[in-house]
Every structure is written in C-alpha cells, then in structure tokens.
Amino acid sequence: MSRSGRWILCAYLVYLVLPLYWLFSMAISSNADIVGEFNAFPAAPTLANFAEIFSNPVWYQAFGNSLTYVFINTLISLAVAIPAAYAFSRYRFLGDKQLFFWLLTNRMAPPAVFLLPFFQLYSAIGLFDTPLAVALAHCLFTVPLSVWILEGFFSGVPTELDEMAQLDGHSFGYFFLRVFLPINRGAIGVTLFFCFMFSWVELLLARTLSGAEAKPIVVVMTRTVSASGLDWGVLAAAGVLTVLPGVLVVWFVRKDLVKGFALGRVS
Amino acid sequence: MSSIELKNLRFCYPGADEDTLSDLNLQIANGEAHALLGASGAGKTTLLNLLSGLLVPTAGQVLFDGRDVSELPGRERAVAQVFQFPVLYEAMSVAENLAFPLRNRGLDAEAISARVAYVSDELELGDRLARKATSLSLFEKQLVAVGKALMRPDVSLVLLDEPLTAVEPRIKWRLRQTLRKVQADLGVTMIYVTHDQTEALTFADRVSVLTADGIVQTGSPREVYQSPAQEFVGHFVGSPGMNFIPANVLQTVPGDRAGFRPEWASIDPGGQLAGSVGRVSLLGTRGGVAEGLVTVFTEHGEVNVRGPVEVQEGDAVGIRVDRYVAFANELRIAEGELA
Amino acid sequence: MSYKPQNNRAWLGVLPVLLIVAFSAVVPLMTVINYSVQDILDFNTRFFVGFEWYVQTLNDERFIEAFGRQLAFSFTVLALEIPLGIAVARGIPKNSRLTPLILIVLALPLLIPWNVVGTIWQIFARSDIGLLGVAINAMGISYNYTSEPLHAWLTLVAMDVWHWTSLVALLAFAGLTAIPQPYYQAAELDGASSWQVLRYVELPRLRGVLIIAVLLRLMDSFMIYTEPFVLTGGGPGNTTTFLSQYLATMAVGQFDLGPAAAFSVIYFLFILLFCWLFYQSVVKRDEETP
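Residues numbered from 1 in each chain as written. Chains lettered and ligands numbered in written order. Predicted model: local features only at pLDDT ≥ 70, side-chain atom pairs only at ≥ 80, totals over all residues. Heavy atoms only, no water.

**Some points on the pairing of strand S14 (residues 273–286) of chain B**
Residue and element names in this part refer to chain B.
Consideration 1: Across four bridges, S14 lies against strand S17 (residues 316–321) in antiparallel orientation. Opposite Ala-274, over in S17, you have Gly-318 as the bridge partner.
Consideration 2: In the sheet, S14 pairs with strand S15 (residues 289–298) via ten bridges, with the strands oriented antiparallel. Across the sheet, residue Val-280 finds its bridge partner in S15, namely Val-294.
Consideration 3: Here S14 folds back onto S15 in antiparallel fashion, the turn holding two residues, of which Gly-287 has a positive phi close to 60°. (Pairing = 2+ DSSP bridges. Helix = DSSP H or I, 4+ residues; strand = E, 2+ residues; numbered from the N terminus.)

**Remarks on the packing of aromatic side chains**
Consideration 1: Applying the stated rule across the entire model yields 49 aromatic pairs over all chains.
Consideration 2: Following the ring pairs from residue to residue traces out a cluster consisting of Phe-63, Phe-67, Phe-75, Phe-222, Tyr-246, Phe-263, Tyr-267, Phe-270 and Phe-274 of chain C.
Consideration 3: Geometry around Trp-264 of chain B places Arg-323 of chain B over its ring, the cationic atom sitting 4.9 Å from the centre.
Consideration 4: Between the NZ or CZ atom of Arg-205 of chain C and the centre of the ring of Tyr-183 of chain C, over which it lies, the distance is 4.4 Å. (Phe/Tyr/Trp six-rings, centres within 6.5 Å; stacked < 30°, edge-to-face > 60°. Lys NZ or Arg CZ within 6 Å of the ring centre and 35° of its normal.)

**What about the domain arrangement of chain A?**
As a measure of interface size, the accessible area lost when the parts come together is often cited.
Residue and element names in this part refer to chain A.
Consideration 1: Partitioning chain A into domains gives domain 1 (1–46) and domain 2 (56–263).
Consideration 2: Once you take the C-alpha centre of each, domain 1 and domain 2 turn out to be 30 Å apart.
Consideration 3: Listed as interface residues are eight residues of domain 1 and, on the opposing side, eight residues of domain 2.
Consideration 4: Surface buried jointly by domain 1 and domain 2 totals about 600 Å² across both partners, of which 75% is contributed by carbon and sulfur atoms.
Consideration 5: Three residues, Leu-23, Ala-27 and Asn-31, lead the burial of domain 1 against domain 2; their summed loss comes to 64% of the area buried on that side.
Consideration 6: At the boundary of domain 1 with domain 2, the tally comes to zero salt bridges.
Consideration 7: Connecting domain 1 to domain 2 are zero residue pairs in polar contact (both at pLDDT 80 or more).
Consideration 8: Elements represented by at least two residues in the side of domain 1 that touches domain 2 include exactly helix H1 (3–27) and helix H2 (31–35).
Consideration 9: No other element matches the four residues that H1 contributes to the side of domain 1 that touches domain 2.
Consideration 10: Grouping the amino acids of the side of domain 1 that touches domain 2 by side-chain chemistry returns six nonpolar, two polar and no charged. (Domains from an automatic or database assignment. Contact = heavy atoms within 4.5 Å. Buried area = accessible area lost by both parts, 1.4 Å probe. Salt bridge = Lys/Arg side-chain N within 4 Å of Asp/Glu carboxyl O. Polar contact = N/O pair within 3.5 Å; in protein donor to acceptor, adjacent residues only side chain to side chain. Nonpolar A, V, L, I, M, F, W, Y, C, P; charged D, E, K, R; others polar.)

**Focus: the sheet that holds strand S1 (residues 4–11) of chain B**
Residues and elements named next belong to chain B.
Consideration 1: Spatial strand order, S2-S1-S4-S5: four strands in an open sheet with antiparallel pairing. Single-partner strands in this sheet number two, and they are strand S2 (21–28) and strand S5 (67–68).
Consideration 2: Along the sheet, helix H1 (residues 44–52) contacts S1, S2 and strand S4 (59–64); its crossing angle with S1, the most-contacted strand, is approximately 120°. (Axes fitted to C-alpha atoms, helices over the stretch in contact; angles between N-to-C directions.)

**Regarding the interface of chain C and chain B**
Consideration 1: On the side of chain B, 25 residues touch chain C, which itself brings 17 residues to the contact.
Consideration 2: Summed over both partners, the interface of chain C with chain B comes to about 1900 Å²; 57% of that surface belongs to carbon and sulfur atoms.
Consideration 3: Linking chain C with chain B are three salt bridges, by the criterion used here.
Consideration 4: Connecting chain C to chain B are twelve residue pairs in polar contact (both at pLDDT 80 or more).
Consideration 5: When residues of the side of chain C that touches chain B are traced back to their parent elements, those giving at least two are helix H8 (181–189) and helix H9 (194–222) of chain C.
Consideration 6: Per-element accounting of the side of chain C that touches chain B gives the leading share, seven residues, to H8 of chain C.
Consideration 7: For the side of chain C that touches chain B, the residue count by class is eleven nonpolar, three polar and three charged.

**Quick look at the nonpolar core**
Consideration 1: Of all hydrophobic cores here, the largest spans 209 residues; its most connected members are Tyr-122, Val-147, Phe-180, Phe-194 and Met-197 of chain A together with Leu-106 and Tyr-267 of chain C.
Consideration 2: Counting residues per element, this core draws most heavily on helix H7 (residues 131–155) of chain A, which supplies 16 residues.
Consideration 3: Beyond its immediate sequence surroundings of up to four residues, Val-147 of chain A is in contact with Ala-81, Ala-84, Ala-85, Phe-88, Phe-100 and Leu-103 of chain A together with Val-17 of chain C.
Consideration 4: Core analysis: the second largest hydrophobic core is formed by 50 residues, Ala-35, Val-144, Phe-203 and Val-207 of chain B among them. (Core = buried A, V, L, I, M, F, W, Y, C linked by side-chain atoms within 4.5 Å. Buried < 20%, exposed > 50% of the residue type's maximum accessible area, 1.4 Å probe, protein only.)

**As for the side chain of Gln-196 of chain C**
Consideration 1: On the secondary structure map, Gln-196 of chain C appears in helix H9.
Consideration 2: If we ignore the near neighbours within four places in the chain, the residues touching Gln-196 of chain C are Phe-100 and Asn-104 of chain B together with Gly-191 and Val-201 of chain C.

**Overview of the sheet that holds strand S9 (residues 206–211) of chain B**
All names here are of chain B.
Consideration 1: Ordered in space as S6-S7-S8-S3-S9-S10, the six strands form an open sheet in which the pairing is mixed. The open sheet is flanked by strand S6 (79–82) and strand S10 (214–219), the only strands paired with a single partner. Averaged over all pairs of adjacent strands, the angle between their axes in this sheet comes to 20°, without regard to strand direction.
Consideration 2: Of the pairings in the sheet, the one linking strand S3 (residues 33–38) to strand S8 (residues 190–194) comprises five bridges and is parallel in character. Note that in S8 the partner of Ala-35 across the bridge is Tyr-192.
Consideration 3: Packing of helix H4 (residues 138–150) onto the sheet brings it into contact with S6, strand S7 (157–161) and S8, and relative to S6 it is tilted by some 170°.

**Points about the packing of H1 of chain A against helix H3 (residues 61–91) of chain C**
Consideration 1: Where H1 of chain A meets H3 of chain C, the axes come as close as 7 Å, and the angle between the chain directions of the two elements is 110°. By the angle between their directions, the pair H1 of chain A and H3 of chain C is classed as roughly perpendicular. Between H1 of chain A and H3 of chain C lies a crossing whose hand is left-handed. Of the residues in H3 of chain C, those in contact with Gly-5, Arg-6, Ile-8, Leu-9 and Tyr-12 of chain A of H1 of chain A are Leu-84, Ala-87, Val-88 and Gly-91 of chain C.
Consideration 2: Split into classes, the residues belonging to the contact of H1 of chain A with H3 of chain C amount to six nonpolar, two polar and one charged. (Parallel < 35°, antiparallel > 145°, perpendicular 65-115°, else oblique. Left-handed = near helix turned anticlockwise from the far one by under 90°.)

**Observations regarding the environment of Leu-6 of chain B**
All names here are of chain B.
Consideration 1: Structurally, Leu-6 can be placed in strand S1.
Consideration 2: On the accessibility criterion, Leu-6 (3% relative accessible area) is buried.
Consideration 3: Each C-alpha atom, one on Leu-6 and one on Leu-26, is 5.0 Å from the other, the two residues being 20 residues apart in sequence.

**Quick notes on the interface of chain C and chain A**
Consideration 1: Taken together, the contact pairs 101 residues of chain C with 93 residues of chain A.
Consideration 2: Counting the surface lost from both chain C and chain A, the interface buries some 8500 Å², and carbon and sulfur atoms represent 79% of this.
Consideration 3: Our enumeration of links across chain C and chain A arrives at one salt bridge.
Consideration 4: Ionic pairing is found between Arg-107 of chain A and Asp-220 of chain C, a salt bridge with its closest N-O pair at 3.0 Å.
Consideration 5: Where chain C meets chain A, there are eleven residue pairs in polar contact (both at pLDDT 80 or more).
Consideration 6: If you tally residues by element for the side of chain C that touches chain A, the top one is helix H1 (residues 11–36) of chain C, at 19 residues.

Structure follows, in structure tokens:
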C-alpha cells in the first residue's frame, strides 16, 4: 500500500467527518448558541434538543413510520429479487436480456417524474398516507438494484453446486433455502444494505405519498419551522438520530458486507 | 545468478507466540536447482516470502553471493517468482508481459527485444508473442509467467511456488520438463517449493525437506530417498513411503526401528517377515512378468513390496529385506545391506 | 462464462419482480405518457395536443439551461468522485483492525437522509455560523454561497463529493480486496511503480465494480433533487436549478401537467440514452479485446 494512498484516505476521512462533527455540535447546542456568535466548539453543551424529540410524539412516531416502510420495502425487494436473480443467473429464457435491461431502466427513472402519477395511483387504491405506499413506491429503484446486485453474486456461484444438490437427492426448495441462500449471505447482506440505504434516505416520494398519518421522519424534519424561525438544534439532533439506524444496519452486516463486496462481480 | 545462503534464519509473525521458522541454515550453489519439500504448515510460504523480500527475518541473514539482503525490499533483490497460478498483466500482450520487468529497469529497447526473443524461443512461445495474455490457455499462461521470471539476465534467484498446481494433470509433466530444460540452459539458481515429493525429486539437483522443526535433511534426490535422515523423511518421500518395522526383526540391525523401501524387499518364503497379501496393484510388466506393488499384512503392520507379482490376495507369503536404514529415536544411525 | 441452459420456466422466478415493477413503474409511466400528449385544464377538461408539449419543452430556454447545468454538474462530480473514490479505496488497509471502522465511517454519508445532507451543508457552509464558511473567510477568501453563483456551485459539488465518493470508494475497495496477493507481489518483484500497479494490476480488475459505480453515479447525479433544493433552493437566481427541480416546480408548483409530463418523458429518455451510451462503449471495448 502506497504511502500517498494513506494520506489521501486520512485527508478524505477528515473531510468526511468535519460536517458530521458540525451536525453533532449543533445537536448539543441551543438554538441561540447556533445562530449567535460563531464557536468551533459547543459553548454550552445540552441534551435539550434530544429531550425535545423524545418527548414529542410527532418526532418519534415519524421515526417509527420511516422504519416501517423501509422494513417493508427491504422485505419485498429481497423476496422478489432473489428468485428473479436466480433465474437470470442460471437460465436463458425468452426475452431475458431485454427484460434485464428494462428492469435496470427503472432504476434510471427520476422520482420527480413519478410524483404526480404515484399520488394519483395510490390515492385511487386507497393506499395514500400509509407506509405501504412509500414502501411500494421505493420498490421502483430498490427492486431493480437488488436484482442487479444479486444476479452478479449468484452468477459467481458455480452451477456445480446446484447439480451436486440434485445428485444428493435434495428437493429444489431444500437446496435453495438450506444451501444456496446461506452461501450467498454476503450478497444478501450487501443487497440489504443498499435497499435500506436508498429507501431510508429518500425524501421526494416519501413526502408526496404521506399525509398527516404516515408522515416519515425526513418530512417532519423539513417542517421544524416554529414562530422563532428554524429550530436548528432540534433539526440537527433529529439528523443525528437518523444516522443511527444506518449505523446499526452496517454494524450488523459488516462482516457480510466486506465479504460480500469482495465476492461480488468484480473481475 | 547467485549462490544463496540462509544463516541462522529465524522468523516470528508479529504477535505470534512461536517462531514459524527457527534457526534455519541452508546453502545453495550458484546455478543450482533446489527443491524445498514440505507438508503444509511447515513454513514453506514464509521461507519463500523471506527470500523474495516480502518479509524481513526476525533474526539471522539471507545472503545472495555473500551479500546480506535481509532488509532489502523485493524490487532491489533481483528475485523473480512464479506463483501457483499464472500471474500476468492481463491487459498486456505476451511480449509486453515479458518485457515489463526489464523496461522498469531502464534497459534499452533493443536489448529488451533481443531478450524477449531469446526467452520466448527457449520456451517455444515465439508464435504467441503478439497475443493478449488473457487469450492463452492456462498452460501457456504459466509458461509466460515462467518466461517473465527468466527475463532479467542478472536475476539472482527464481522462486517457483508450486508452479504446476493450476496446470492440468496431463500437462504437468510437460511443464516440469520445460522448467528443467530452461534451468539447465540458462544456469539460473532456482528454488522450487512444493509438497509433492515426485515433483521435488524429479526437478531438483538437491532437495531440502522442511518440517515444523526446520530443515531436517538436505541432499541429492538419491540421498534423500536412499538415506532419509529421519523416519519422517523416509515416510514422506517416496510413493508409497518407506516401510518401518522394529529393528530386532531384522536381527543384526541396530537402533529401535528399521526402514526399507518397497523395492529393497521381495516376496520370498525364506524371508525375515511373514504375512498375508492384502492388496496387489499392477504397474506393468518386465520381461513378460507382471510387476507391481504388493501390500502384505504382517504382525508389524502393512509392508509394501515392489517387484514381480506372482501372488494373489490372501496368499500367505514371506518377505525378504535386502537393504535397510536403521533409526534410533526417529533419527538415522546406520544403513546397510543384509546378507 | 458458464453455459446457461434454456428454460422458459425461469419466467416463474422473474414474475414477482415483473408484477411489482409493472405496478410501481409501468402504470405511472403510462399516466405520464398519457398526460404528455394532452392539455389538462382540470381533470375533467382535457384536449389532445399531440407532440406540442414535447416541442415546447425542447424549445424552452429554461429547460435547455437546466439541462446544460445538469450535464455540467453530473460530469464534474463524476470526474471528481470516481478518481477520488479509487484513491481513497487504495488507502484503506486490507487486514487491519481499523478496516471495519474505516468502512463504517465511510458508509456514514450514504446513510444520512438526503434532506439532512442538504441541511448539514446549509449550516456547515454558512459564512456567519458554519465551520466551513467561517474557516474559508478567515483565510481571507470572501465566500458566500447564498449570493455568489460560483460559490453556490462549488459548495454543491463539495457536498456531492462528500455525499457520494464513499459509494465509489466502498465498491472499489471491494474490488481491490478481491485481487489475489500474488499480483501485488509480482509487481513488486518486477519493480513496478505505484502508478503502474494501479494501471496494470488494479484498474483492469476493478472494471466490473467501476462500471457499476459510474452507472449508479451517472443515474443518481442526473436525478439529484433534494440536496440542492435544501442547500440553495436552486439559487442564487436559477444558477443551481437542475432538471428534477425545474420539473417539480412545473408539475407541483404550477400544475402544468401536460408540459411537465412531456418534460418527464424527455428527461427519462436522456438518462436512458447516457447510460446506454456508456454501457455500449464499455461492452464494445470488451468485445474488441479478446
């Protein structure tokens, strides 16, 4: 490993951490301190902003709403993408290449394009303002991405494995659930990470498809304007809290993540 | 080309309790083809990395032509290595691959192309020079990797790390022959690391047997085969390995155990050992007589005998031993013929 | 490439994906295309207008300007993020106790909601109360991203680099860890420089992940909406208004459904075109080098 590489990494990590530090520093400062005189370090650290969030149901319900649709979305994405990726990786079938490319094109559709039709569609079928609506809408990009990632991983698993299981007299279901999926833990970890990531961070669709009931955290955050203007401190505290689920996910899949990345379609 | 010497070499991975290699001594002559034979876990890879400069010894020295290179990084040692699988620059053509190590040393273009021509000719790769490395067969790729290792005219040492691993079984022999030929033609000092005793014995001028205790024997393939320094060597070298029985069974033999090669024994009703034939495997014929390996179950365990096969499974037979190596506490103390 | 048997029953495996994507993409897309050829006064009063909205959009100066800005932005951030991501990935130690920690820290920006990203930078870069803004001004450079278009641009680019370089770095690191150690050893013994190792050992083997990285970044940077919306609101003036934002203003703000729909279709087609062009150029080169 070259020494210059180390320096670039260190410099980049500093660049990466500084804004995060600033977010954290704001989260433990009062609003007056934030908009008042500039301070590189919090003048009077306080947990008041966090206390505000935990005592206000609007905040923690929104948190729950967001986690709900992210969870549903990840579940749906994996459930439909795994069989599809297996089919793409193992068989040729009528229109397979066209279908794969068409799937990918959906990943390229700007959410802004779909705002209005989504609104109408989900209103018409009575899903508007439910976590399910957002979860389904997010499938627009998480499903194609999941198929894409998983197909790459699955293709890397030798087909001899499938044949061996058949020779051993196992049913396809047994092979798939007990042999194939455990081997691809890493791949599923990576996919989970990406589904979570893209669904959790999205604002545009989440905002459009939720009203008062299923309001997600990202939307509540855009509306922290009180009589005295923006409450930066509470906003920053909420921001800090929104990072935590992601950190937890990464922490739990960290081993699979490194392994999964390493085994992916890389050569 | 250089002579290589390892002096009291010791290596311990940082944080490990025990030395991976301790107090290793070895001398390899200039232009010698040397095989390092060892089971996995014996520290072959570590030793290889110490030679190539990837690792720095904890203590002791690595000497090239008497010069201490222990601390020198690999690029300054004039060492080349061939790996278990072909390691090539995939975006380059065969000729570019071959030229790469020389170009980095600032040789002029004419000298480089002359050397490329020479080495590719030696390996019969001449018609492949313009091809992309990725388009070759596994065998050809490994051949190019060997060629790349031989490119530097001033190369001190070429390391071969189980180079036949990735090659198909039926071509292994061919690649080994090629290796042997270029080694002889170019007179390069080579160290061939392997766990396969056949490869080691057929390739090298001299063989060192490496175990977790260090190098237990160094000698010509014949010496290592005929006079193993330890019971382990007798057991490990040869296919099948040496037979071992209590020394007193052969009466005049000293020590506690006697070892003999399958071809040092023959089926003979008047032999020192008796047992029943367990397995017979035929290897061919000689002078119209079937030849092969007879495994006999005796009261001292299985004994393999190589020679004419005129018995069948289940027959009660005697075994005569003509030659032996005697061991005491697993170390060789004597050897000789039996009348 | 391993042989794949022909089996049309594999469609069964693909069917669920097909249904869900048809529901979440095809139906809305049909709606959009339907709107794009109509003049919609209200939902009960519509006229068929053919390609009028398409012609209008392609001649709309604001669309063309937003499109130009979009191109400039996408190519700038790609040109920065891809090399930087590779450089960062090369610096990550492969087998250190610090490795998992570094990877998690790198993943942080990816896990932050996009409006929070915008908010962080909105404050961080402010010249009166933000660490970055104050620091730059303290160095004697007058910097104010809310009034200076150039500064707004640089801040946006800095934010996007901050936000997304990690994705490239993580993918590239995954690719790097898959390169067997002997390749590095051989390069060392061949006397290859760090640059040559990158050029001849690493980049050829990173191709797969880099294609993924470039495609993802190309798509996503072309769709960027939330972060600039929060950071600059498209300003000062329209100088940081990109396609998505212009579209949202049209569709939701002004309720110009027909033109917005035509805009959407054109927008979508352009992204498709760019990705297809990139993909083709890569695949072509693949076929030329056997």
